Amino acid sequence: MSTEDPPAPRSLAEALRGRDDASLAALLRRRPDLITPVPTDLTQLATRAGTRASVVRALERLDRFALQTAEALAVAGDPATYDELLGLMAGDTADEAVVRALPGAVAALREQALVWGADDRLRLVRTARELLSPSPQHPSPTGLGPSVQEATAGMSPGRIQEIVSAAGLPSTHDSVSAVAALTALFTHRRKMKALLAGAPADSLEVLDRLVWGPPYGQVTADPAPRLRWLLDRGLLLPTAPGTVVLPREVALHLRAGRAHRTPEPFPPAVEPAVTHRPQVVDTTAAGQAYTALATVEELLKDWDEGGPAVLRAGGLSVRDLKRTAVALDVSEPVAAFWVELAYAAGLIASDGEADERYAATPAYDEWRERPAADRWAHLAEAWLTATRTPGLVGGRDAKDRALSALGPGLDRSAAPEVRHRVLALLAALPQGCAPDAEALLGRLRWERPLRGAQGPQGPQGEGDLRSRLARWTLTEAELLGVTGRGALAAHGRALLGAAVAHRAQEEPEGPGDKLPVHHRPSAPAPLAPPEQAVATTAAARLLAPLLPEPLDHVLLQADLTAVAPGPLRRPLADVLGVLADVESKGGATVYRFTPASVRRALDAGRTASDLHAFLAEHSRTPVPQPLAYLIDDVARRHGHLRVGAASAYVRCDDDALLNEILADRRAAALRLRRLAPTVLAAQADPAALLEGLRAMGYAPAAESAEGDVLITRADAYRTPPRTAPEPVPDGPPVPDGTLLTAAIRAIRAGDLASTAPRKSADTAPLAPGELPRTSSSETLATMQAAVLTGEALWIGYVNAEGSASQRVIAPVRVEGGFVTAYDHTADEVRTFPLHRITGVAELADD
């Protein structure tokens, strides 16, 4: 029995072929772009894993220490040994924390197919090496420059020999051995120490300035003596006229072998900055949640009759956003947040008319009828999963176009993941604890250093987008009532899902952990829609007891005001909102009754007796006499004048009142003239005539063509049914277990078909992926022979859609132009039309 180790893989495809199904599933889960579409075999999977787009995406999802490990491999030999990598990461002092964490980082890179090979032959995927290797155009994050061999590639042999001699090395017969000797000198700690011991002090200062990068410097045609000493010995090498570079080997000696100035093997801890009692946090967050509901309702009420116009390019104008901010009594950025939140929740949309405007959707009416906790949960879920980013409003896009609220260009696919991660970090703290914002941002930058750093720079650039998203998340979570006083509330934890919140609390922190960070479970991912729905319901259940109970009464006062000491029940709030104007908001809402507000209620179909009965029923105090007089006085005059459509007309049984209107100079703009003793005609439209007469102090009523009074309602306008905007996905979705199982099975079957050994033939060998080609008669004869012998065959097959594949089959029956066979690829018995089989070949004997 052989005890020899399996041969080392010669390619990434061979390395993947040696993995088990669990390892392949982990790869596809971490890099879901590799499974879209499902590769035909492991060779195609390896090819796809090495493409630039896929590698860039994988690098962006590495944490800082895994990325530092990949950067170190990019400046190491190819292949590199684990000991060489450890030296680059831990240095000559063998940093204990780095020593503990490095195996996990290498395992993480292997899992994502960015590194392959055994510990004695570690290879970074070629595309990743090209991206991370130092070059003049793209300096390495390590600050290292080219190696001696790379820097001397264009140097004359004579100059190389001069450097070797000046460095105290014996002359060689060729440049290759000279460069090798110089490299050996620079990598020998004791000899390099002796060489530098004789260096002038100002020459050492030059090396100190270049050692941590950038490694390039400028020199004149006649370098100073301190530079000349370094150039003569190859401690600085010319790369272009007037430019010199510090060789990588020299820099590593000066750094004590470390590729990075500060390796970060463990994430920075997110420590509590302030601690509150959990009950205080929950009640504060619940109060803000109630305020959030009131603010959204006020916004939608303001837009009930049709909101602002839609810009030609889409979105709200700056002027309309300012008006909305004034109406809500908030700043413009906060107004943009509420507008975008209502849009993400599907409560507002454009009406799609020729004169396009924003308005409430039919879903808003359904939302208003739900319990307060359920309404909040709907908003919170929409916020947590939305990719639209209100914080960008007021900025400019890559083409220097203004970004407006509700307009295009506000989607950021990373937003849901960042919001979820920020809340998960808050959930990892003890209840009632609020973190330091900078520590939290530092943790996020450690987890995704590349994703935070990318994006166009400038006044409104996307540099460090994750940090900006995290800051906005903290602010928005407080506005929405997910957090209270900076700490995550109980219903906020529930919004994450019980499993995620529990896992976040158990997540280890810092270098004192028992396991390296890469051996821990990865950060909790956002929940799938069904799981999120369950979590949202749980959050609403926790919030409900903390919200104030709606009241069925108000306190009427003699100064024509009513005080609502808390939230009002829906029917009472709706009627009172028409009958009176809101004067002040807060813990108690103050309403003021005015002639215009009473007229508004009468226009909505109420009578004076209805209003008296309504106030008497819902007031804990007697109806004040001034309020009763106000209602009776307005009702007595309401509808005395009638306005209809001619262009427009006014009719009244009291001709003296019409004479009064004609004599009023304020009526000149309406251009009225008498048609009959009780009828005036106007050139203005009915709406303008109504507004004009009301401005003059009258209380006209609109009437229909039949002469009936028209009842107007404030909430009459709605958009057609609209769906909430779909989030923009951040790449392909993570595959579930069923899809992974099916994909791995198909990949392995396709790999079996493509790698199955065939019997040698006189024909030339096929290129990888090429289908076998045989004539129809040869295909039929081989199939019939395989039915008799029971042997498996390798075939090329083109399906009805024209997709070609390779398969390994065991023919069972051949008749009527079809072959029935057991398909090892699909692990089932199938029937194949013979005319779709491109060719056939026998498999080699085991």
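Up top is the structure.
As the structure is a computational prediction, the values presented were derived from the model and not from experiment.

Caption draft 1: Here's a closer look at the overall build of the protein. Scanning the protein from terminus to terminus reveals 35 helices and 25 strands. Across the 846 residues of the protein, 47% fall into the buried class. For the protein, restricting intrachain contacts to residue pairs at least 6 apart in sequence, the fraction spanning at least 24 positions comes to 67%.

Caption draft 2: Here's a closer look at the sheet that holds strand S21 (residues 793–798). Spatially, 5 strands are ordered S24-S23-S22-S21-S25 in an open sheet, and the strand pairing comes out antiparallel. A strand with exactly one partner marks an edge of an open sheet, and here the two such strands are strand S24 (828–833) and strand S25 (837–842). Between one strand axis and the next, the sheet turns through 45 degrees on average, direction left out of account. Bridge count between S21 and strand S22 (residues 804–815): 6 bridges; the pairing is antiparallel.

Caption draft 3: Examining the pattern of salt bridges more closely. Within this structure, the stated rule accounts for 35 salt bridges. Across the pair Arg807 and Asp823 runs a salt bridge, and its minimum N-O distance is 2.7 Å. Taken together, the positions of Arg807 in strand S22 and Asp823 in strand S23 (residues 818–823) put the pair 16 residues apart, joining distant regions of the chain. Under the relative-accessibility criterion, Asp823 is labelled buried at 0%.

Caption draft 4: Up close: unusual backbone geometry. The omega torsion across Thr36 and Pro37 is -5 degrees, close enough to zero to call that bond cis. As for its placement among the helices and strands, Pro37 is situated in the loop between helix H2 (21–30) and helix H3 (42–49). Of note in the backbone geometry, Ala94 takes a positive phi value of approximately 50 degrees without being a glycine. Note on placement: Ala94 falls in the loop between helix H6 (82–90) and helix H7 (96–111). The exposure class of Ala94 is partly exposed, given its relative accessible area of 45%.

Caption draft 5: Examining a negative patch on the surface more closely. On the surface, Asp653, Asp654, Asp655 and Glu660 cluster together to form a negatively charged patch. We classify Asp655 as partly exposed; its relative accessible area is 38%.

Caption draft 6: Seen up close, the environment of Leu62. Topologically, Leu62 is positioned in the loop between helix H4 (52–60) and helix H5 (64–75). Put simply, Leu62 and Ala108 are 46 residues apart on the chain and 8.8 Å apart in space, counted from C-alpha to C-alpha. Discounting residues that sit within four places of it in the chain, Leu62 has contacts with Leu67, Leu109, Gln112, Leu114, Glu447, Arg448 and Pro449.

Caption draft 7: A look at the nonpolar core. The biggest cluster of nonpolar side chains holds 89 residues, and the ones touching the most others in it are Phe186, Leu235 and Leu236. Excluding anything up to four places from it in sequence, Phe186 contacts Val148, Met192, Leu195, Arg233, Gly234, Leu235, Glu249, Val250 and His253. Counting residues in hydrophobic clusters, the runner-up holds 65 residues, among them Phe337, Ala344, Leu465 and Ala477.

Caption draft 8: The arrangement of the sheet that holds strand S3 (residues 216–218) in detail. Reading across from one edge, S3-S5-S4 is the order of the 3 strands in this open sheet, with antiparallel pairing throughout. Where the open sheet ends on each side, the last strands, each with one partner, are S3 and strand S4 (237–240). Each neighbouring strand pair of the sheet contributes to a mean axis angle of 40 degrees, computed without reference to strand direction. Sheet topology note: the S4/strand S5 (residues 243–245) ladder contains 3 bridges and is antiparallel. In the sheet register, Ala240 faces S5, and the bridge partner there is Thr243.

Caption draft 9: Structural context of the packing of aromatic side chains. Tallied over the full model, the rule gives 4 aromatic pairs. Centre to centre, the rings of Tyr797 and Phe832 are 5.1 Å apart; their planes meet at 80 degrees, and the pair counts as edge-to-face. Of this pair, Tyr797 sits in strand S21 while Phe832 sits in strand S24, and the two are 35 residues apart along the sequence. On the accessibility criterion, Tyr797 (8% relative accessible area) is buried.

Caption draft 10: Structural detail: empty space enclosed by the protein. Scanning the model with the defined rule gives 2 cavities of 30 Å³ or more in all. Quantified by volume, the largest cavity comes out at close to 70 Å³. Lining the largest cavity, in full, are Phe337, Glu340, Leu341, Ala344, Trp383, Ala386, Arg388, Pro390, Arg419 and Glu476. For the lining of the largest cavity, the leading source of residues is helix H18 (residues 332–344), giving 4 residues.

Cut-offs and rules
Residues numbered from 1 in each chain as written. Predicted model: local features only at pLDDT ≥ 70, side-chain atom pairs only at ≥ 80, totals over all residues. Heavy atoms only, no water. Helix = DSSP H or I, 4+ residues; strand = E, 2+ residues; numbered from the N terminus. Buried < 20%, exposed > 50% of the residue type's maximum accessible area, 1.4 Å probe, protein only. Contact = heavy atoms within 4.5 Å. Pairing = 2+ DSSP bridges. Axes fitted to C-alpha atoms, helices over the stretch in contact; angles between N-to-C directions. Salt bridge = Lys/Arg side-chain N within 4 Å of Asp/Glu carboxyl O. Patch = residues over 30% accessible without salt bridge, like charges linked within 9 Å, V, L, I, M, F, W, Y side chains within 5 Å. Areas by Shrake-Rupley, 256 points an atom, 1.4 Å probe, with all protein chains shown as cover. Lys, Arg positive; Asp, Glu negative; His and termini not counted. Charge placed at Lys NZ, Arg CZ, Asp CG, Glu CD. Core = buried A, V, L, I, M, F, W, Y, C linked by side-chain atoms within 4.5 Å. Phe/Tyr/Trp six-rings, centres within 6.5 Å; stacked < 30°, edge-to-face > 60°. 1 Å grid on protein atoms, 1.4 Å probe; cavity = no way out; pocket = protein on both sides within 12 Å on 5 of 7 lines; lining within 4 Å. Points joined across faces, edges and corners; volume = space filled by probe spheres on them.

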